[in-house]
Amino acid sequence: MLSTSRTTRPGPDGTGGRIAVAVHAPDPILREGVRGQLRRYPEVDLREDGDPTPGIVVLLVDDVLDETTLTRLRRLVRTEGVRAVLVVRSLRESELLDVIGCGVGAVVWRHEATAPRLLQAVRAAARGDGDLPADLLGRLINQVGTLHRTAADGTGTGAAPGLTRREVDVLRLVAEGFDTAEIAAKLSYSDRTVKNVMHGLTTRLRLRNRAHAVAHALREGYI
């Protein structure tokens, strides 16, 4: 369980640095409510949302994901280089891969957006990790299975050209929701090896984070 202690925690790089966070919301009362929840954590450095800085974590809070919100996500992540957390009431099946394909690695349901849950998502985004609700992760895994069956029928591309077997194995476990330590245990690797595999993969394919790597693999039929 995440603590609400006033003790400053290490930043995502382990140096003790604070995490720069901005909150975008169409309703100013909603925006201030989210900021108020995050303000209790000394590791969070709240910024204004008018001028995003590359590397800042932006919480985009809205009811639903419409085309305007999706366009804004793409601009924030791809053009301005921020790390995004999407806080919404729901996502349709057809929107899931679009969101992850934008480079959004963390999604929080509005009804679950407590202060500790928001902090967890902010930390994950700052590290470049994924953080999806369990039911959303289940839907993602179902899409993995569907595309995998399509590839097996001969309509997909199969294994990714240029990917090593190690990278494919790690990606499959990431898609199934396992964290670094769990992947390392399942594959008999060290945590550092798993991190190095993911770093090499995301750097080579110019992917933004683990969730984006899974989305890329799904779309291309790699897993």
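Residues numbered from 1 in each chain as written. Predicted model: local features only at pLDDT ≥ 70, side-chain atom pairs only at ≥ 80, totals over all residues. Heavy atoms only, no water.

**Some points on the sheet that holds strand β4 (residues 83–88)**
Then, number 1: With respect to topology, 5 strands assemble into an open sheet ordered β2-β1-β3-β4-β5, the strand pairing being parallel. Each of the sheet's edge strands pairs with one partner strand only, and the pair in question is β2 (44–46) and β5 (106–109). Looking at each pair of strands side by side, their axes are set apart by 25° on average, direction ignored.
Then, number 2: By the bridge criterion, 4 bridges tie strand β1 (residues 19–24) to strand β3 (residues 57–61) in an arrangement that is parallel. Opposite Val21, over in β3, you have Val57 as the bridge partner.
Then, number 3: Where helix α1 (residues 28–39) meets the sheet, its contacts fall on β1, β2 and β3, and the angle it forms with β1 comes to roughly 160°. (Pairing = 2+ DSSP bridges. Helix = DSSP H or I, 4+ residues; strand = E, 2+ residues; numbered from the N terminus. Axes fitted to C-alpha atoms, helices over the stretch in contact; angles between N-to-C directions. Contact = heavy atoms within 4.5 Å.)

**A closer look at the nonpolar core**
Then, number 1: Core analysis: the largest hydrophobic core is formed by 37 residues, its most contacted members being Leu73, Leu86, Leu91, Val104 and Val107.
Then, number 2: If you list the elements that add at least two residues to this core, you get α2 (67–79), β4, α3 (93–101), β5, α6 (165–175), α7 (180–187), α8 (191–204) and α9 (210–220).
Then, number 3: Here this core takes 6 residues from α9, the largest share from any one element.
Then, number 4: Discounting chain neighbours no more than four positions away, the residues touching Leu91 are Leu65, Leu86, Val99, Val107, Trp109, Leu136 and Arg139.
Then, number 5: Counting residues in hydrophobic clusters, the runner-up holds 24 residues, among them Ala25, Val34, Leu46 and Ala113. (Core = buried A, V, L, I, M, F, W, Y, C linked by side-chain atoms within 4.5 Å. Buried < 20%, exposed > 50% of the residue type's maximum accessible area, 1.4 Å probe, protein only.)

**Points about the pairing of β3**
Then, number 1: Of all the 5 residues making up β3, 5 are buried; the element is thus mostly covered by neighbouring parts of the structure.
Then, number 2: Alternating residues of β3 divide into Val57, Leu59 and Val61 and Val58 and Leu60, and every residue in both groups is buried.
Then, number 3: Where β3 meets β4, 5 bridges bridge the pair, whose relative direction is parallel. Within β4, the position partnered with Leu59 by the bridge is Val85.

**Some details on the packing of α1 against helix α4 (residues 115–127)**
Then, number 1: At a minimum axis separation of 9 Å, α1 and α4 run at an interaxial angle of 80°. Classified by the angle their axes make, α1 and α4 are roughly perpendicular. Between α1 and α4, the contacting residues are Val34, Gln37 and Leu38 on the first element and Ala115, Leu118, Leu119 and Val122 on the second. (Parallel < 35°, antiparallel > 145°, perpendicular 65-115°, else oblique.)

**What to know about the confidence of the model for the chain**
Then, number 1: For the chain, per-residue confidence averages 78 on the pLDDT scale, and 78% of positions sit at 70 or higher.
Then, number 2: Residue range residues 1–15 is modelled with pLDDT below 50. Its contacts to residues more than four positions away, or to other chains, number 24 contacts.
Then, number 3: Below a pLDDT of 50 lies the segment residues 147–161, which in the model reaches 16 contacts outside its immediate sequence neighbourhood of four places, other chains included. (pLDDT = per-residue confidence, 0-100.)

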